[in-house]
Amino acid sequence: MSTQLAIDGGPKTKTTPYGSHNRFQGNELDYLRQALEQGTLFYGHGSWVKRACQMMADYTGRPYVVPCTSGSAAIHLGLIAAGIGPGDEVITTPNTDSGTVLGIIEEGAVPVFCDCGDHLQPTAAAIEAKITARTRAIVVVHLAGCPAPMNEIMALSQARNLPVVEDVAQSWGTTFQGQRAGTFGIAGCFSTNDFKHISTGDGGFVALADEALYRRVSNYADKHYDRLFGGALMQAHHGLNYRMTELQGAVAAAQLEQVDGVTARHHQLGELLRPEIGAIPGLRMLAPVPGGYNTYWWTAWFIEPQSFRVTRDRLVEALRAEGLAIGTYQRYDLIRSGLFQQRVVRPWLDDARRHYPFDQPDGRSYHYSHDQVPNHKRLLDTGFMMSIKAWHTDADMCETAAGIRKVLTAFQA
Ligand SMILES: *Cc1c(COP(=O)(O)O)cnc(C)c1O
């Protein structure tokens, strides 16, 4: 293979497109037809959302599952289970999707970011450093198919009496010490948006262990009608409409039949990248914490800047020129978003109210900067990443690894 880089006019490493595939080739169409033949698409009357929830209960080993409209809704519902309210602080990590924090803000509570280590996960000590008298919950994000270190985080949770809500949107099939992500804390919050391991277009599930919390969460997701619990269909308390339809339930049932195969394939594909890249000096590939099983929803690599003659951004340009589907890791950062910089939550409100909940009625004011999370900042500046899809081919992975080797070797200091 030529060692001249594509960015300098040499031949591209990857000359064929990454594999593509229609992911809905199981029982989706059959189940959708059956759902329509029911004559109702309402979850309370049809059988498909119930069936998907039963499959989720089997998948998680948790007896109670609440279906909902999205992963963001699922996390919001997890926070309802945790009992957060206005003015509370909720500790989480900044390297995540906005869906992790929307429910916190919606409840008038405040996200407080803790730093993460090289696994992109916080230690229990990093979380503990952010605990104050106002802290009411911890949202753990199992990122990229890699689990959080749940042994130490659950020990902290118990010691400090703080409930843990798990964001499992990116980590179907992921385990820590053999236990599924989403089955450690009080609520495991899953997403089936169209970019996740499995898709219903949009959708989500909350897996719960506690029956009383199940009633609370189920009611919050269905206008507080108490529908499944013998209630009067007279709204007794506040709730939203986060209901899943039978169409999503039917697709979810078909997708859940395939989830183990999909996540095993993600693992296999990700592992193909590893041996080729392990030996490049100054480059580290993202690895799960010890005891973690990685279902590679994406993966990332981090450079030691002094080991290369060019910037990370230049490396990424060169990798893309080779035909590789690689981008910078920069986007995994809520802190730089307008929401956390300007803190204008509801711009249509007057000055006194538009910054709520970042500005609290009691005078507390929350501001966000990278100085608060220096290791996260370092990782943002030195990383590049790639999404993995179940329909990628083995050759896609081998060519990607070869392209990374070619570029990083050429720019070695
Ligand atoms: C996708 C995602 C969410 C939100 O899921 P939606 O279904 O898009 O609302 C939350 N957290 C993380 C880490 C995600 O990747």
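For clarity, every value in this text was computed on a predicted model and none was experimentally measured. (Residues numbered from 1 in each chain as written. Predicted model: local features only at pLDDT ≥ 70, side-chain atom pairs only at ≥ 80, totals over all residues. Heavy atoms only, no water.)

### Structural notes on unusual backbone geometry
- Note the cis peptide between Tyr356 and Pro357, where omega equals 5°.
- Along the chain, Pro357 falls in the loop between helix H12 (351-354) and helix H13 (374-382).
- The backbone phi angle of Asn161 is positive, close to 55°, even though this residue is not glycine.
- The phi dihedral of Asp226 is positive, around 60°, even though this residue is not glycine.
- Turning to its location among the elements, Asp226 is positioned in the loop between helix H7 (211-220) and helix H8 (246-256). (Helix = DSSP H or I, 4+ residues; strand = E, 2+ residues; numbered from the N terminus.)

### Some thoughts on the site of the ligand
- Neighbouring the ligand are 15 residues, the closest being Gly71, Ser72, Asp167, Ser191 and Lys196.
- With respect to the ligand, the backbone of Gly71 contributes an N or O atom lying 2.7 Å from an oxygen atom.
- For the ligand, an oxygen atom lies 2.7 Å from a polar atom in the side chain of Ser191.
- Contact with the protein chains covers 92% of the free accessible surface of the ligand, which is 380 Å².
- Among the elements of the structure, helix H3 (71-82) and helix H4 (99-106) are those that each provide at least two residues to the shell around the ligand.
- Among the elements that make up the shell around the ligand, the one with the highest residue count is H3 (three residues).
- Tallied by class, the residues present in the shell around the ligand amount to three nonpolar, nine polar and three charged. (Near = heavy atom within 4 Å. Polar contact = N/O pair within 3.5 Å; in protein donor to acceptor, adjacent residues only side chain to side chain. Areas by Shrake-Rupley, 256 points an atom, 1.4 Å probe, with all protein chains shown as cover. Nonpolar A, V, L, I, M, F, W, Y, C, P; charged D, E, K, R; others polar.)

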